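Notes for the structure review
This is what each chain is made of:
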Amino acid sequence: MSDEPLVLGLETSCDETGVGIVRGGTLLADAVASSVEQHARFGGVVPEVASRAHLEAMIPTLRRACADAGVTLNDLDAIAVTSGPGLSGALMVGVAAAKALALALGKPLYGVNHLAAHVAVDILEHGPLPEPAIAMLVSGGHSSLLFVPDVSYDVQPLGRTIDDAAGEAFDKIARLLGLGFPGGPLIDKAAREGDPGAMRFPRGLTGSHDMRDHRYDFSFSGLKTAVARWVEQREANGESVPVNDVSASFQEAVVDVLTRKAVLACKENGVGHLLIGGGVAANSRLRVMAEERCAAEGIVLRVPRPKLCTDNGAMVAALGARMVQTGRTPSDLTLPADSSMPVTLVQA
Ligand code: KG4
Ligand code: ZN
């Protein structure tokens with residue numbers, strides 16, 4: 001038997017019901033049920049639909065994870081759950097399930113921060129985290145740059161988006177171009193056939209004034225408006241819209257700003273490791289440009305495989321295991337689902 005803790009992680013902050021099981025830093029199961037198709041016709045996640053889907057998926061996904069890992073619930077050493085941030089009703093489903101399991105099994109409960117969990121998941125892929133690390137989290141719900149001395153209790157924000165999240169921008173531009181939802185993978189695919197230099201779209205918050213007041217912050221709404229104007233102009237002139245070129249040029253603008261600011265954060269904080277997580281980390285151009293820019297500055301880049309970048313339960317289990325290993329006190333059974341949990345609060 002291993003001394004490493006066997007930890008179950010539940011994730012229900014958005015549209016993925018994730019149940020993961022880890023032993024210390026080793027991934028044993030990563031079962032995910034997504035309600036993304038139920039939201040597609042609305043062009044975005046509908047909170048009520050997501051909550052109901054979590055309720056329906058929780059028990060089957062839990063059973064699948066235990067079967068995949070070859071363990072029973074009684075074998076577990078601890079239960080971890082995303083307590084925020086996220087959609088309130090969706091979070092409540094996971095938190096209630098985790099409390100019920102902890103109470104029935106008599107196991108310690110850890111309510112964890114979703115963003116810290118996105119960082120901790122890389123332990124499963126690339127081993128112990130370098131401390132400190134800079135983490136850039138880019139998804140449909142968040143875009144932030146973090147300074148991470150210790151993922152189990154000390155996460156400090158450097159910057160964040162002041163309007164849309166990076167993934168949200170991908171989703172909105174995909175809708176504008178009639179590509180579908182979720183937009184990120186569809187833009188990524190279209191961009192492969194397009195010219196990233198076809199149009200020069202604006203790079204938000206990179207001017208000298210903004211680099212003083214919003215050095216590590218992001219903004220994508222100006223870019224979104226610029227792309228929309230460009231497309232409208234084309235259509236008004238009765239010309240066809242070159243979807244692949246627009247996709248590639250838009251993606252280039254997003255990825256340029258993300259990688260530029262992430263590398264700058266590493267350099268200015270004297271940190272030699274950059275970790276990228278969240279759904280947008282699956283973007284092929286982001287991976288290539290981050291690799292190039294990190295290599296040029298001698299920074300080691302860590303990006304987990306795409307399935308671990310998007311929302312899942314394994315990331316929650318990974319952070320829970322880290323908390324057990326570093327001797328954190330378990331959360332109280334009264335722990336809340338906190339839709340606006342601050343990133344500095346790693347544990348509820
Ligand atoms: O982390 P995630 O699964 O859920 C949230 O917490 O939001 O991220 C989903 C987001 C969506 O906005 C989706 O369009 C984006 O990640 N995404 C991508 C790619 N794959 C997913 N964005 C750009 N390129 C991709 N290949
Ligand atoms: Zn997420």
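Here is what the cut-offs are and how they apply
- Residues numbered from 1 in each chain as written.
- Chains lettered and ligands numbered in written order.
- Predicted model: local features only at pLDDT ≥ 70, side-chain atom pairs only at ≥ 80, totals over all residues.
- Heavy atoms only, no water.
- Helix = DSSP H or I, 4+ residues; strand = E, 2+ residues; numbered from the N terminus.
- Rg over C-alpha atoms; globule rule 2.2 N^0.38 Å.
- Buried < 20%, exposed > 50% of the residue type's maximum accessible area, 1.4 Å probe, protein only.
- Contact = heavy atoms within 4.5 Å.
- Areas by Shrake-Rupley, 256 points an atom, 1.4 Å probe, with all protein chains shown as cover.
- Lys, Arg positive; Asp, Glu negative; His and termini not counted.
- Charge placed at Lys NZ, Arg CZ, Asp CG, Glu CD.
- Pairing = 2+ DSSP bridges.
- Axes fitted to C-alpha atoms, helices over the stretch in contact; angles between N-to-C directions.
- Domains from an automatic or database assignment.
- Buried area = accessible area lost by both parts, 1.4 Å probe.
- Salt bridge = Lys/Arg side-chain N within 4 Å of Asp/Glu carboxyl O.
- Polar contact = N/O pair within 3.5 Å; in protein donor to acceptor, adjacent residues only side chain to side chain.
- Nonpolar A, V, L, I, M, F, W, Y, C, P; charged D, E, K, R; others polar.
- Near = heavy atom within 4 Å.

**Quick look at the overall build of the chain**
Scanning the chain for helices and strands turns up 13 helices and ten strands. The C-alpha radius of gyration computed for the chain amounts to 20 Å, which stays within 12% of the reference 20 Å derived for 348 residues, consistent with globular compactness. Based on the C-alpha atoms only, the size of the chain along its principal axes is roughly 65 × 45 × 30 Å. Among the 348 residues that make up the chain, the fraction classed as buried is 53%. Expressed as a percentage of contacts within the chain between residues at least 6 apart in sequence, the contacts between residues at least 24 apart total 74%. On the chain, roughly 14100 Å² of surface is accessible, and the fraction owed to carbon and sulfur atoms is 52%. If you average the places of the 30 positive and of the 40 negative side-chain charges in the chain, the two averages end up 1 Å apart.

**Quick look at the sheet that holds strand E1 (residues 6–11)**
Strand order in the open sheet formed by five strands is E3-E2-E1-E4-E5, and the pairing between neighbours is mixed. The strands lining the two open edges of the sheet, one partner per strand, are strand E3 (26–34) and strand E5 (109–113). Adjacent strand axes in the sheet meet at a mean angle of 20°, parallel and antiparallel pairs treated alike. Seen against the sheet, helix H3 (residues 88–105) touches E1, strand E4 (78–84) and E5 and runs at an angle of roughly 155° to E4.

**Quick notes on the domain arrangement of the chain**
For the chain, the assigned domains read domain 1 (6–121 + 312–325) and domain 2 (131–306). Relative placement of domain 1 and domain 2: their C-alpha centres are 27 Å apart. A buried area of about 1300 Å², summed over both sides, lies between domain 1 and domain 2, and 75% of it is on carbon and sulfur atoms. Applying the counting rule to domain 1 against domain 2 returns zero salt bridges. Our enumeration of links across domain 1 and domain 2 arrives at zero residue pairs in polar contact (both at pLDDT 80 or more). For the side of domain 1 that touches domain 2, the secondary-structure elements that each account for two or more residues are helix H1 (36–40), helix H4 (114–120) and helix H13 (313–325). Looking at the side of domain 1 that touches domain 2, the element that brings in the most residues is H4, giving six residues. Tallied by class, residues from the side of domain 1 that touches domain 2 come to twelve nonpolar, five polar and one charged.

**Regarding the site of ligand 1**
Not every one of the 20 residues close to ligand 1 is listed here, only the nearest: Gly 140, Asp 171, Gly 184, Asp 188 and Asn 283. At 3.0 Å from an oxygen atom of ligand 1 is found a main-chain nitrogen or oxygen belonging to Gly 279. Between ligand 1 and Asn 283, the relevant distance is 2.9 Å, taken from a nitrogen atom to a side-chain nitrogen or oxygen of the residue. Protein chains shield 90% of the accessible area of ligand 1, which is 560 Å² for the free molecule. Ranked by residue count, the leading element in the shell around ligand 1 is helix H7 (residues 183–191), at four residues. Tallied by class, the residues present in the shell around ligand 1 amount to five nonpolar, eleven polar and four charged.

**Digging into the pattern of salt bridges**
Applying the stated criterion to the full structure yields 17 salt bridges. Here Asp 30 and Lys 307 are joined by a salt bridge, their closest N and O atoms 3.2 Å apart. Highlighted residues: Asp 30 in strand E3 and Lys 307 in helix H12 (residues 306–309), separated in sequence by 277 residues. Where Arg 203 meets Asp 256, a salt bridge forms, and the shortest distance between an N and an O atom there is 2.9 Å. Within this pair, whereas Arg 203 is found in the loop between H7 and helix H8 (208–213), its partner Asp 256 is found in helix H10 (residues 243–268), the two being separated by 53 residues in sequence.

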